[in-house]
Amino acid sequence: MRLLALFACLFVGLSAQAAPKKEAKKEAKKVEPVIKAVVAPAAPVAALGERAAIWHVWTDKEGQKLDARFCGLAGEFITLQSRDGRTFHFKTELLSAEDVAFAKSCVDLARRNSFSPAVIASAAADIDRLVASVLTANKQTLNAPATDEQFLRRIYLDASGRVPTATEAATFLASNAPDKRAKLIDELLFSSGYTMQMFNWMADLLRVKDTFAKGVPAFTFEDWLKARLSAGTPWDKLVSEMITADGRLSDNGATGFMLFDAEMPLDGVSNLMTTFLGTNMACAQCHDHPLADWTQRDFYQMAAFFGATDGKDEAIGSAIKKAVRADSSLPKAAVLKIEQMNTFRMEDSDKQKLTFPKDYKYKDAKAGDPVTPALIAWSKGEKSLPVYNVNTKTPSQLRDEFARWLTSPQNPRFATNIANRIWKKAFGLGVIEPVNDIDDLAEASSPELMAHLTFVMKAAKFDLREVQRVIYNSKTYQASASATPDLGKAKYLFNGPIVRRLSAEQVWDSLIVTAVGTYADNVLLRRGDDLKAMALPAGKVTLAELKNAVNRTTKAFSGGGKLAGAPKKAAGGSALGLANGYEGDKPISRFSLMLARASELPQPSSETHFLRLWGQGDRLLADSATNDGSVPQVLQMMNGSVGKLVSDVRSAAVLDAMKAKTTEGEVTSLYLSYLSRKPTAKELAAASKSLTDGLALTDLAWVLANTREFLFVQ
Amino acid sequence: MSILHSANLLRNPEDRRSFIEKCAKVSFGLSVLPFFTRIAEAAEVPGAVKAPNAGLPGFGKAKRVIFLQLNGGMSHIDTFDPKTGASKGPGSIVSAKGDMQLTSYLPETAKISDRITVIRSMTAKVGVHASAAYLMRTGFEQRGTVQHPTLGAWAQHFLGTSHKTLPSSVTVNRSSNHGNGWFPAAYSPLPILNPTDGLMDTKSPVSEAVVAKRTGLLAELDAGFGGKASDESVKSYNEFYESTFQLMKSTDLKAFDLASESAETRARYGKSKFGQGCLLARRLVENGVRFVEVAIGGWDMHATLDDRMEEVGGDFDRVYATLIQDLESKGLLESTLVVVASEFGRKPTFEGGGRGHHPLVFSTVLAGGGVKRGFVFGASDEKGYAPKENGVSPGSLHATIAHAAGLPVQTDIITPAGRPMQVGNKAAPQTGVFA
């Protein structure tokens, strides 16, 4: 019901424009609460992708209209962007049947614009050829092809972030279609789970946190990233939008990436070099790199591209403080939040302020002198590339110039860095390791393979979905898995993917789907809109405006629900307090666990949450997730709330199994739910016997969830 | 093989690469270094690094460390470094045992001050709570590009795990906050957020009979994948499950159980979170945990300092004196270093009934673990504004604790990111505090 109301309001804006003023006002008032549908703040249309925009007047079931551009269709969710730049994200069931069909045709069109099956096949075959030649040269061979069961589980985890349900598994395994693997790959890459798992992966890389600095909430950054991912925004556009983002977090979620380091801008530069280029300049920040070629001067010259950028607007902070002094009745907590939210703001001045540090000790520059921006290069010829021709004369443009160089296909590392990371996502290891230090391309286990992947990345115009499509269709990816290699002895040549423990998010999301089924794929957390209430209008801070902002803020955060999901408290992890932040379906809660997927929970979860125990990163640094083991993990899986969740009679996997008419059917169903395969005769016998010997299906579910096989992807 | 090599091994690029590969393999979960596994396996060649400080006084005397974090910034002038004149606070100055002066807010501590060393010349530059607390907890200034480990993780790196089933480091009343730093996640302290709850989820919610049947079936059904695994990370998980089964049956779990203490002892420590936290810390170190952090807030006394000192300071005073006496009566004090650390001191001047943040000089207190008894190290100036002699940086404090714990200080290790680092951030230990 709420969704219908919500959607209705999306259309009101359009009809209101034509309607007489008075009526429009009335309408606007009526629809106020549903503004929640706006998942991302205004952004340039171009950022959502370069492919020909499809504009369309969309009609809902009630006949109301919205003029918007089609951005993407993932599972049951459609993403649209209206003429004024707002992004809308909702379930397709709200649309008329004709428009649902139209949206599907848009997807088909987008797919036709993407790589054709022939191109995919050829690019995948090139991967296989390059891997095979290295293997042959080293007297090794590719592993045997993965079985359908192995492939099924792997592709579900990699492309949609969770194991398949019993039904999904049975359907795939029963199919005799010769192209069923390719079909499944395409289906999963366009599911809502794809967006969720990409969000988890990027959240670890981009340090997506609910709060940064002194508890400043960054929900708009999360909402922005989710909207971009569901719209299929290519990596270069995504990165460029983050680096060049202007304004406050409340107005522009994309600022979240740069604002994370607003108080430590030099660290910020060092971090983004590692994240986007695989270049490790952290040492050069304080002294010439002892082990690599980077000098401190190199670092400062790069950092100077951000020397005109300011992440903190201290003036507004003192203006607010001054205004508050005039009226002591204003609630302190709300004012503090408003102050923080408005203080963090990305802006460029017309002066590059970075100077060499006081303790600068090298002869190539003088301490205290202003730094002239200059780009680094990895080899001599690179500096003559057209992309190195940047304008360093206009300080306010420096950041844009840097972003243009950074995200260009001509950048010597940008495409390689992301290609290597995407490869690692699929195989468990990068072609160059470690992935955060790829300065020396000759260190790749196969430089030719690395070059090919870089080429594919550029050919796909940085569309990560397309690149993953190529990789997943390769025989190399579809080979059975190798044991974790000892890189101390030799480089790994990719006989197949490596056996990996599921990531924290994959374990959690898999347990969620066994608990509540595919329902969880439609539970989406969006919390950023309330933060808009904190934004002060441009210009002088007046007490009246401040009061308005306080009222808006108090109202938006009233009822406890969202407040609990706001600053600081979210870090404490009262996930249940997030209830009001969900759109799509509402999450179910059992044993004090919010049964939503990891991407739709606090970022990151609280330290004692299952996700963190299993290695979800704290996101203070990039790549902070781990898959190390520990006893508390096992304790929670066996005895804790998650153990109870697994062996609960309401479990979707158990209920599925109960539908079977025979014991064999029951056991098989649970095996499919947890391990994506049928039991062997021996396993079937043992499990069946236990069911007549005092154990119930809920116990069998517990047992299967506690097998090592459940925790690992083969 | 240690993942962290001495820096001079790494000057040529080939060594560097192979080193980085070794580091990398850890992060893939290959050598899942368990904090709960056998010492022989987890210990990364203990003693392989030669400690240049091994011959100096106090080296290795502290087998365990209890690190008390007084969050908010303890006023040095109103506690361990009393002043007369304009700086004097509301409390009076009293002569305490061990020939030192304390304020009247610490009557119980005054009775045991012949067992402690007060460092009155701590000095730092950071006056913001979170960053200063980070500095005091790690010995390093906070940075956006690296997370520094706590002393517990450093100790686990150099000395191996401290017990066969119990964790080597525990944090009480606080989260672990990336306490492993660049070391493997398994070096991260185990957080106990509520000392009276102890370790969670150690008991199965179902009957023992069902547990037995479930685990029997689990062994049978996992024989295929788990049983024949050649993969190191799968094998590690087999061990974690095995360790967990053992732990659940083990009496070691009692280390976390405050109910095992007599009512009299529990009462002596008091009901406060700090009191119960310190009691838990004592139980843990007594049972083989090497490094325990206990946090307590309430020290940010900008206003009503007098009342707050009575309340927060009073609780600290009773609990701290109890802890020192309890350790001594159990014969553990000489081998257990107890550190009282706060992120900064407070200004000599009063503003609105309290004092502002003051990192330039402040006090830290050491007891046990081979430090001198009834001793004052260093001094602040007359006002309590700046160090007068023997300034001690947070890094140097860390080097001092590390030295007491038998770790090599001023010795490079190389982090997985290829950066040379030292416990205590290159600072020298203050050997003058040791007996």
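The structure this text deals with has already been given above.
These lines cover the structure that appears in this document, whether it is placed above or below. (Residues numbered from 1 in each chain as written. Chains lettered and ligands numbered in written order. Predicted model: local features only at pLDDT ≥ 70, side-chain atom pairs only at ≥ 80, totals over all residues.)

1. Here's the deal with the overall build of chain A
Argument step 1. Of regular secondary structure, chain A possesses 31 helices and 16 strands.
Argument step 2. By the burial criterion, 56% of the 714 residues in chain A qualify as buried.
Argument step 3. The contacts of chain A with a sequence gap of at least 6 include a subset with a gap of at least 24, amounting to 69%. (Helix = DSSP H or I, 4+ residues; strand = E, 2+ residues; numbered from the N terminus. Buried ≥ 20, exposed ≤ 12 C-beta atoms within 10 Å, placed from the backbone. Contact = placed C-beta atoms within 7 Å.)

2. What about the interface of chain B and chain A?
Argument step 1. Taken residue by residue, the interface counts 64 residues in chain B and 57 residues in chain A.
Argument step 2. Looking at the side of chain B that touches chain A, the elements that each hand over two or more residues are helix H1 (13–27), strand S6 (190–192), helix H6 (208–221), helix H7 (223–227) and helix H8 (232–249) of chain B.
Argument step 3. Across the side of chain B that touches chain A, the residue classes break down as 30 nonpolar, 19 polar and 15 charged. (Nonpolar A, V, L, I, M, F, W, Y, C, P; charged D, E, K, R; others polar.)

3. Let's talk about the sheet that holds strand S1 (residues 64–70) of chain B
All names here are of chain B.
Argument step 1. Pairing is mixed in the open sheet, where eight strands are placed in the order S6-S5-S7-S1-S8-S11-S4-S12. The sheet is open, and its two borders are formed by S6 and strand S12 (375–377), each paired with just one other strand. Each strand axis lies, on average, 20° off the axis of its neighbour in the sheet, ignoring direction.
Argument step 2. Packing of helix H10 (residues 273–286) onto the sheet brings it into contact with S1, strand S5 (169–172), S6, strand S7 (291–296) and strand S8 (336–342), and relative to S7 it is tilted by some 180°. (Pairing = 2+ DSSP bridges. Axes fitted to C-alpha atoms, helices over the stretch in contact; angles between N-to-C directions.)

4. Description of the pairing of S7(B)
All names here are of chain B.
Argument step 1. With five of its six residues buried, S7 lies for the most part within the structure.
Argument step 2. Bridge count between S1 and S7: six bridges; the pairing is parallel. Counted as the bridge partner of Leu68 is Val294 from S7.
Argument step 3. Two elements, S5 and S7, share four bridges in a ladder whose sense is parallel. Of the residues in S7, the one forming a bridge with Ser169 is Phe291.

5. Overview of the nonpolar core
Argument step 1. Grouped together as the largest cluster of nonpolar side chains are 210 residues, with contacts concentrated most on Leu670(A), Ala701(A) and Leu704(A).
Argument step 2. Beyond its immediate chain neighbours, meaning those up to four positions away, Ala701(A) contacts Val646(A), Ser647(A), Ser651(A), Ala653(A), Val654(A) and Leu670(A).
Argument step 3. In terms of nonpolar packing, the next biggest core, distinct from the first, is built from 99 residues, Ala62(B), Ala110(B), Leu284(B) and Val338(B) among them. (Core = buried A, V, L, I, M, F, W, Y, C linked by C-beta atoms within 7 Å.)

6. Observations concerning unusual backbone geometry
Negative phi values dominate among residues other than glycine, just as trans dominates among peptide bonds.
Argument step 1. Note the cis peptide between Glu433(A) and Pro434(A), where omega equals -10°.
Argument step 2. Mapped onto the elements of the fold, Pro434(A) is located in the loop between helix H17 (414–427) and helix H18 (447–459).
Argument step 3. Between Gln603(A) and the following residue, Pro604(A), the backbone shows a cis peptide bond with an omega angle of -15°.
Argument step 4. Of note, Pro604(A) is situated in the loop between strand S15 (593–594) and helix H24 (610–613).
Argument step 5. Phi angles above zero are rare outside glycine, and Ser592(A) is one such case at about 60°.
Argument step 6. Looking at the secondary structure, you find Ser592(A) in the loop between strand S14 (589–590) and S15.
Argument step 7. Residue Ser592(A) is classed as exposed on the basis of its C-beta count, with 10 C-beta atoms lying within 10 Å.
Argument step 8. Within the chain, Asp201(B) stands out as a residue other than glycine whose phi angle is a positive 60°.

7. Observations regarding the packing of helix H14 (residues 314–325) of chain A against helix H15 (residues 332–343) of chain A
In a packed pair of helices, the relevant descriptors are the angle between the two axes and the axis-to-axis distance.
Residues and elements named next belong to chain A.
Argument step 1. The contact between H14 and H15 brings their axes to 9 Å, and the two run at 155°. Taken as axis vectors, H14 and H15 run roughly antiparallel relative to one another. Between H14 and H15 the crossing geometry is right-handed. Between H14, through Ile316, Gly317, Ile320 and Val324, and H15, the contact on the second element is made entirely by Val335, Ile338, Glu339, Asn342 and Thr343.
Argument step 2. Its residues placed into classes, the contact of H14 with H15 shows five nonpolar, three polar and one charged. (Parallel < 35°, antiparallel > 145°, perpendicular 65-115°, else oblique. Left-handed = near helix turned anticlockwise from the far one by under 90°.)

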